[in-house]
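Here are the chains, one letter per residue:
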Amino acid sequence: MSEPILVTGGAGFIGSHLVDRLLADGGSVTILDDFSTGHEANVSAHPSTAPLRVVRGSVTDERLVDTLVAEHPLVFHLAAAVGVAHIMSDPVASLHTNVRGTENVLAAAHRYGSRVVLASTSEIYGRSTEVPFKETANRVLGPTWIHRWSYSTSKAVDEHLAFAYAEQGLRVSIVRYFNSYGPRIDERGYGSVIARFVTQALSGEPITVHGDGQQTRCFTYVTDTVEGTVLAARRKEALGNVFNIGSAEEVTIRDLAERIRRMLGSASQLTLVPYEAAYPTGFQDTPRRVPDLGRARDVLGYSPTVSLDAGLALTLAWCRAHYAAAGERR
Ligand code: UDP
């Protein structure tokens, strides 16, 4: 990838790993990030000589997006309000960022002929029970007053926009991420359950398993997430198409909590927290979330390589070092 690359959300969790990979592949990268859930530390690790430019700004700024997209033939659009806790806490701002921001990026890419990879989510499938989820599956969502579903809906609007622009000639591919994790996860940013459990286990607080803990996820190590994203930008066959990017290793949340506690040698207790207590304004969960990876394998040549135990070992080692340092600074 020799052409200049724009990564929106490049200071965030997945975005910063994507930037690492693009720079390692010899790319020259511009990051657009408003640092709402992204971090300086995620970008400052790059050598100062790296061909990297950081623009502090929002994808909701139409003129800024227009200027940047015009300069970049390839755009990875990852900037979004992400994480269930974050969406629940400010649904209006989240909807605004996810819909308006993507509209700006896609419209500009269409204007200038840039190729786009749009980051979407397994939340698209909602609470469907038709596992594994195929890209062609129906979406099953709860009522509109449950804020959780606004994230799924905002990302579905993004996907609709992408397909609509594709019909008008935009070169775009969509990747639906399944529960990515790895070094740099943090509770206040992307807010994955793994970050939460690790924080609790390291401080000896109870590990809060929601519901009965039998709900499942296929946690995907971030280098596998990045690999699927890069493949979607390279393959011609990926254009106008959408792909599940995840892992096939399904685990219950209870099992996850136990693994994290054991691997950290933590004395924390596991405690079951009813959903009503965790989310007093109303909540509905996805009981099983498993990707069908057939299309990603056949079209992109994608297959995840990092097992949950191996990925957790790498992640927990990073968290041990960095959460302790952050705690000391507070
Ligand atoms: N979860 C949990 N305890 C927590 C936070 C989350 O048991 O303190 C559960 C949550 O209810 C869900 C799963 O962990 O069933 C994954 O949650 P996350 O917010 O990471 O992402 P989701 O997969 O729901 O988008």
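The structure this text deals with has already been given above.
Criteria and cut-off values
Residues numbered from 1 in each chain as written. Predicted model: local features only at pLDDT ≥ 70, side-chain atom pairs only at ≥ 80, totals over all residues. Heavy atoms only, no water. Helix = DSSP H or I, 4+ residues; strand = E, 2+ residues; numbered from the N terminus. Rg over C-alpha atoms; globule rule 2.2 N^0.38 Å. Buried < 20%, exposed > 50% of the residue type's maximum accessible area, 1.4 Å probe, protein only. Contact = heavy atoms within 4.5 Å. Lys, Arg positive; Asp, Glu negative; His and termini not counted. Charge placed at Lys NZ, Arg CZ, Asp CG, Glu CD. Axes fitted to C-alpha atoms, helices over the stretch in contact; angles between N-to-C directions. Parallel < 35°, antiparallel > 145°, perpendicular 65-115°, else oblique. Left-handed = near helix turned anticlockwise from the far one by under 90°. Phe/Tyr/Trp six-rings, centres within 6.5 Å; stacked < 30°, edge-to-face > 60°. Salt bridge = Lys/Arg side-chain N within 4 Å of Asp/Glu carboxyl O. Pairing = 2+ DSSP bridges. Core = buried A, V, L, I, M, F, W, Y, C linked by side-chain atoms within 4.5 Å.

With that out of the way, let us pick up the overall build of the protein chain. The helix and strand inventory of the protein chain stands at 12 helices and 13 strands. In terms of C-alpha radius of gyration, the protein chain reaches 19 Å, essentially the compact-globule figure of 20 Å for 330 residues. Counting every position in the protein chain, which comprises 330 residues, the buried fraction comes to 55%. A separation of at least 24 residues holds for 79% of the contacts in the protein chain among residues at least 6 apart in sequence. Counting 32 positive and 35 negative side-chain charges, the protein chain places the averaged centre of each group 1 Å from the other.

The subject of this paragraph is the packing of helix α7 (residues 193-203) against helix α9 (residues 253-264). α9 packs onto α7 with a crossing angle of 40 degrees between their chain directions and a minimal axis gap of 10 Å. The angle between the axes of α7 and α9 places the two elements in the oblique class. α9 is crossed by α7, and the crossing has right-handed handedness. Counting all contacts with α7, which are made through V193, I194, F197, V198, A201 and L202, the residues of α9 involved are I253, L256, A257, I260 and L264.

For the rest of this paragraph, the subject is the packing of aromatic side chains. By the definition in use, this model includes five aromatic pairs. Geometrically, the ring pair formed by Y125 and F178 is tilted, given 6.3 Å between the ring centres and 35 degrees between the ring planes. With Y125 in the loop between β5 (115-121) and α6 (148-167) and F178 in the loop between β6 (171-177) and β7 (180-181), the pair connects residues that are 53 residues apart, well separated along the chain. Comparing Y125 with F178, the two get one shared label, buried.

Attention now goes to the environment of E3. Following the sequence through the fold, E3 ends up in the segment before β1 (5-8). Considering only alpha carbons, one finds E3 and R115, 112 residues apart in sequence, at a separation of 11 Å. Those residues in contact with E3 that sit more than four places away from it in its chain are S28, P73 and L74.

Time to look at the pattern of salt bridges. A complete count under the given rule lists 19 salt bridges for this structure. Close ionic contact of R297 with D298 constitutes a salt bridge, the shortest N to O distance being 3.4 Å.

Pairing is parallel in the open sheet, where seven strands are placed in the order β3-β2-β1-β4-β5-β6-β11. Two strands bound the open sheet, and with one partner strand each, they are β3 (52-56) and β11 (242-245). Here the strands of the sheet are splayed against their neighbours by 20 degrees on average, with no regard to which way each runs. The sheet contact formed by β1 and strand β2 (residues 29-33) spans four bridges and is parallel. Bridge pairing links V7 to I31 in β2. Packed onto the sheet, helix α3 (residues 62-70) meets β1, β2, β3 and β4 (74-77) and runs at close to 170 degrees relative to β2.

Core analysis: the largest hydrophobic core is formed by 56 residues, its most contacted members being F76, I194, I260 and L300. Excluding residues that lie within four positions of it along the chain, I260 makes contacts with I194, F197, V198, A201, L312 and L316. By size, the runner-up hydrophobic cluster in this structure holds 22 residues, among which are V55, A107, V116 and L118.

Right, let's get into unusual backbone geometry. The omega torsion across V131 and P132 is -10 degrees, close enough to zero to call that bond cis. Following the sequence through the fold, P132 ends up in the loop between β5 and α6. One non-glycine residue, N179, adopts positive backbone phi at about 35 degrees. Note on placement: N179 falls in the loop between β6 and β7. Even without being a glycine, R184 presents a positive backbone phi close to 85 degrees. Its location among the elements puts R184 in the loop between β7 and α7. Given the relative accessible area of 15%, R184 is considered buried.

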